[in-house]
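Observations on the three-dimensional arrangement
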Amino acid sequence: MKLKLQINQVIKDAFFKAGIDEEPMSVTNATKSAFGDYQFNGAMALSKKLSKNPREIASQIIESLDLSGILCKAEIAGPGFINLWMNPLWIAEQCQIALGDERLDIGKTKTPNRVVVDYSGPNMAKQMHVGHLRSTIIGDTLASLLTFLGDEVIRQNHIGDWGTQFGMLIAYLEEIGEDGSVSLKDLEQFYKDAKGRFDVDPSFADKAREYVVKIQSGDSHCLELWQKFIDISLGHCEEIYEKLSVNLTREDVRAESFYNDELPKVVADLASNGTLKESNGAQCVFLEGDEIPVIVQKGDGGYLYATTDLAALRYRAKTLEAKRISYVVDARQAGHFKQVFRVAKESGFVGEDVHLEHVGFGTMMDKNGKPFKTRDGGTVKLIDLLDEAVVKAKETIKNKEDYSDSEINALAKIIGIGAVKYADLSINRESNYIFNWDKMLSFEGNTSLYMQYAYARIQSIFRKYDDEIKGEIIIGDDLEHRLALMLLRFEDVLTRAARDASPHQITSYLYELATLFMRFYEQNPILKSDVDEETKMSRLLLANLTAKTIKQGLALLGIEVVDKL
RNA sequence: GCACUCAUGGCUCAGCUGGAUAGAGCAUCGGUUUGCGGUACCGAAGGUCUCAGGUUCGAAUCCUGAUGGGUGUACCA
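Residues numbered from 1 in each chain as written. Chains lettered and ligands numbered in written order. Predicted model: local features only at pLDDT ≥ 70, side-chain atom pairs only at ≥ 80, totals over all residues. Heavy atoms only, no water.

1. Things to note about the sheet that holds strand β5 (residues 114-118)
Read from one edge to the other, the open sheet built from four strands follows the order β6-β5-β10-β11, with strand pairing classed as parallel. Single-partner strands in this sheet number two, and they are β6 (152-156) and β11 (355-361). The sheet shows a mean angle of 20 degrees between the axes of neighbouring strands, taken without regard to direction. With five bridges joining them, β5 and β6 adopt parallel strand pairing. (Pairing = 2+ DSSP bridges. Helix = DSSP H or I, 4+ residues; strand = E, 2+ residues; numbered from the N terminus. Axes fitted to C-alpha atoms, helices over the stretch in contact; angles between N-to-C directions.)

Structure (structure tokens):
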């Protein structure tokens, strides 16, 4: 249900009927319920243009407004606000349509785009750490959301599998022999051990450097070892994806090395474009207004991050034919992407009609507002963080006596992982956020547990009432009106969240919805004996749609719900 | 130095292309139950939206400047 679009259409019709030859601005949500459901503020803005009193314009619009369908009441207020009330019969009807539809009456876009979402991007030489969390889950949410709304999404996991460090790792892998997979279990330790050998043993170091050259020249033995290393390392990442319910598979991997053959071509094409300049021995692109150039080839002939990104951009635009390419990467790389995007467009690697965006996000901080680290100052491994979340979640539910151990474990996973994800996704991605176990595992406030609790509470209603629900939604009071209307807003929220690549808009909505339901439920009994049948049915239907909306919303965030908590 | 970014009650955060008396949660204080899941709900108190100008009928939101944090700043990714 594209709610706003429909209301805007009614306004537009009124403009036409009133003979106002202007494009009306969009209605906005009413700032408070006394002002109706929606408000139109365009009369003030038109005042100067039409040289008329805004209230006069407002009344002119209202006179032409159709109040027999979607809307049922309109009032002028203050300097020229038009407050709009939705028709409860229409709202009820639309809710029923949503209830009868698997997709909750959320349409697929008529103009689907092919979108590349680049996210996660772990480094194969190291374990995933907390820094990878945000990219992984924000990216996955964006991908799911766009898919749900009808776009054709291509996930791209741009893993770091190339560079000098791999020579060292492979040399070490060969040294310890064929059962390397065992010692690779702790990648961090493996890396440290390899580094240790590298630092103390010059012959090992030489061998490592030799390997780098060998890999790059395509030596089959070295490539085999390298491949083995990548496979194992990727396997570790996949364990994490599994835990996080993130939909990334091997099919989605387009590693750095994938673009190797393209790198010389990127430089050659830039050279033939005439955009390339040599500076201090390096091949650079100087952008107008930028002091710092984009270096695409080092003095020693090696290629850089920017070169690979240009190759990847070209691949995504030309081969994959994407019209929107979203990079879910740390905000600190904003400068880099700004430059690379410009080079890609100016050199024609990417067409003018392709929308390139850097979906940046802030850093995870500890309670004191400092970057999140372990006690000894090291980076926190993502796997440890997730395991701890499950342990902590278990503590909060351990007093449940009617659950078996395996049920508790399953529940703890859903709750713990959900809490970490929700806490992250519920905050405006662009700002840094403070990581706080107590807050995220609380049942109070805008948390996953509050949402899951609300859902489970509704399910418990349906455990008590498992008959057929026959009847229809009747909007009986203000709370029902607001709840029903909130339910219809779902698609508008999703569309905007997708446009802005902003998952927190979904969580804000869901929280508002859940709070509204709790208030509704508190005041409006459903299964109590003094509730007449018609009202009971109507409220059951509203409860059901609320539960479905919460479930769908959380599903898009990759968070599960449970019937019993 | 330059560039980017952020600044909203004690704390953590919203604020939807500028709109009416700036909203939540936590913490504080008070209330609701023979309770359809009280891990809930209701209420109170708490903010000159960092500061100073400007644009506008109208600014937390846009512009300029200042202050304070964060980040980036050519051969790492």
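Here the narrative resumes.
2. Some details on the domain arrangement of chain A
Looking at chain A, the domain boundaries give domain 1 (3-86) and domain 2 (165-239). Using only C-alpha atoms to locate each centre, domain 1 and domain 2 end up separated by 67 Å. (Domains from an automatic or database assignment.)

3. Thoughts on the pattern of salt bridges
Scanning the entire structure with this criterion turns up 28 salt bridges. Note that Arg114 and Glu321 form a salt bridge whose closest N and O atoms lie 3.9 Å from each other. Placement of Arg114 in strand β5 and of Glu321 in the loop between α12 (305-319) and β10 (324-330) is noted, with a sequence separation of 207 residues between them. Residue classification places Arg114 among the partly exposed positions, given a relative accessible area of 26%. (Salt bridge = Lys/Arg side-chain N within 4 Å of Asp/Glu carboxyl O. Buried < 20%, exposed > 50% of the residue type's maximum accessible area, 1.4 Å probe, protein only.)

4. A word on the protein's contact with RNA strand B
Looking at RNA strand B, there are 61 residues lining it, with Glu256, Ile295, Lys298, Lys439 and Phe443 nearest. Protein-proximal atoms of RNA strand B, defined as those within 4 Å of the protein, fall in sugar or phosphate at a share of 55%. One of the backbone N or O atoms of Leu565 is found 3.3 Å from a base nitrogen in RNA strand B. Taken together, the elements giving at least two residues each to the surface near RNA strand B come down to β1 (28-29), α2 (42-50), β4 (81-86), β8 (282-285), β13 (433-434), α17 (448-464) and α20 (504-523). Per-class residue counts for the surface near RNA strand B are 27 nonpolar, 17 polar and 17 charged. (Near = heavy atom within 4 Å. Polar contact = N/O pair within 3.5 Å; in protein donor to acceptor, adjacent residues only side chain to side chain. Nonpolar A, V, L, I, M, F, W, Y, C, P; charged D, E, K, R; others polar.)

5. Quick look at the sheet that holds strand β9 (residues 294-297)
The antiparallel open sheet is built from three strands, whose spatial order is β7-β8-β9. At either end of the open sheet lies a strand with only one pairing partner, and these are β7 (276-279) and β9. Strand-to-strand twist of the sheet, defined as the mean angle between neighbouring strand axes without regard to direction, takes the value 45 degrees. The pairing of β7 with β8 spans four bridges and is classified as antiparallel.

6. Examining the environment of Asp252
Considering the arrangement of structural elements, one finds Asp252 in the loop between α10 (220-244) and α11 (263-273). When its relative accessible area of 13% is taken as the criterion, Asp252 is described as buried. Leaving out residues up to four positions away in the same chain, Asp252 has contacts with Arg155, Gln156, Asn157 and Asn247. Polar contacts involving the side chain of Asp252 include one to the main-chain amide nitrogen of Thr249, which spans 2.8 Å. (Contact = heavy atoms within 4.5 Å.)

7. So, the pairing of β5
Counting buried positions along β5 yields four of five residues, so the element is predominantly enclosed. Handedness of the β5-helix α5 (residues 131-148)-β6 crossover: right-handed. Sheet topology note: the β5/β10 ladder contains four bridges and is parallel. Counterpart to Asp118 in the pairing with β10 is Tyr327. (Right-handed = clockwise from strand over helix to strand, strands pointing away.)

8. As for the packing of helix α15 (residues 405-425) against α17
Contact geometry for α15 and α17: axes closest at 8 Å, N-to-C directions at 125 degrees. Classified by the angle their axes make, α15 and α17 are oblique. Where α15 approaches α17, its residues Ile414, Ile415, Gly418, Ala419 and Tyr422 are matched on the opposing element by Ser448, Leu449, Met451 and Gln452. Residue composition of the contact of α15 with α17, grouped by class: six nonpolar, three polar and no charged. (Parallel < 35°, antiparallel > 145°, perpendicular 65-115°, else oblique.)

9. Comments concerning the packing of helix α8 (residues 187-200) against helix α9 (residues 202-216)
If you want to describe how two helices pack, look at the angle between their axes and the distance between the axes. Where α8 contacts α9, the axes come no closer than 5 Å and their chain directions differ by 115 degrees. As the angle between them shows, α8 and α9 are arranged roughly perpendicular. Of α9, the residues touching α8 (which contributes Ala194, Arg197, Phe198 and Val200) are Pro202, Phe204, Ala205, Ala208 and Arg209. Split into classes, the residues belonging to the contact of α8 with α9 amount to seven nonpolar, no polar and two charged.

10. Brief notes about the nonpolar core
With 161 residues, the main nonpolar core has Leu84, Met86 and Leu385 as its most contacted residues. Each of domain 1 (3-86) and domain 2 (165-239) gives at least three residues to this core. Beyond its immediate stretch of four places on either side in the chain, Leu84 contacts Ile7, Ile11, Val27, Phe35, Gly36, Asp37, Tyr38, Phe40, Leu65, Leu71, Lys73 and Ala74. Grouped together as the second largest cluster of nonpolar side chains are 33 residues, Ile154, Leu287, Val329 and Val343 included. (Core = buried A, V, L, I, M, F, W, Y, C linked by side-chain atoms within 4.5 Å.)

11. Considerations on the side chain of Thr546
Within the element layout of this structure, Thr546 appears in helix α21 (residues 533-556). Discounting residues that sit within four places of it in the chain, Thr546 has contacts with Ile458, Leu483, Leu487, Leu513 and Phe517.

12. Things to note about the state of the cysteines
According to the stated counting rule, one finds zero disulfides in the structure shown. Just so you know, Cys72 is unpaired, no disulfide at all, and the nearest cysteine sulfur is the one on Cys95, 15 Å from it. (Disulfide = S-S within 2.5 Å.)

13. Comments concerning α15
Residues three or four positions apart in an α-helix share a direction because the helix packs 3.6 residues into each turn. The terminal C-alpha atoms of α15 lie 30 Å apart, and with 21 residues this matches the ideal 30 Å at 1.5 Å per residue to within 8%. Taking burial as the measure, the 21 residues of α15 include 15 buried ones, the bulk of the element. (Expected span 1.5 Å × (residues − 1).)

14. Remarks on α5
The end-to-end C-alpha distance of α5, which contains 18 residues, comes to 27 Å, matching closely the 26 Å that a straight helix rising 1.5 Å per residue would cover. A large share of α5 lies buried, amounting to 16 of its 18 residues. Count one or two residues on from α5 and you reach Gly150, which has phi positive near 110 degrees.

15. Notes on unusual backbone geometry
Not every positive phi belongs to a glycine, and Glu321 is a case in point at roughly 55 degrees. Even without a glycine there, the phi angle at Ala501 is positive, about 50 degrees. Here Ala501 lies in the loop between α19 (490-500) and α20.

16. Here's the deal with the packing of aromatic side chains
Here the structure, examined in full by the defined rule, presents 19 aromatic pairs. Taking the centre distance of 5.3 Å and the plane angle of 65 degrees together, the rings of Tyr450 and Tyr511 count as edge-to-face. Remark: Tyr511 occurs in helix α20 and Tyr450 occurs in helix α17; sequence separation between them is 61 residues. With a relative accessible area of 14%, Tyr450 lands in the buried category. A relative accessible area of 26% places Tyr511 in the partly exposed class. Pairwise contacts between aromatic rings join Phe166, Tyr172, Phe190, Phe204 and Phe229 into one cluster. Lying over the aromatic face of Tyr211, Lys214 brings its terminal NZ or CZ to 5.7 Å of the ring centre. (Phe/Tyr/Trp six-rings, centres within 6.5 Å; stacked < 30°, edge-to-face > 60°. Lys NZ or Arg CZ within 6 Å of the ring centre and 35° of its normal.)

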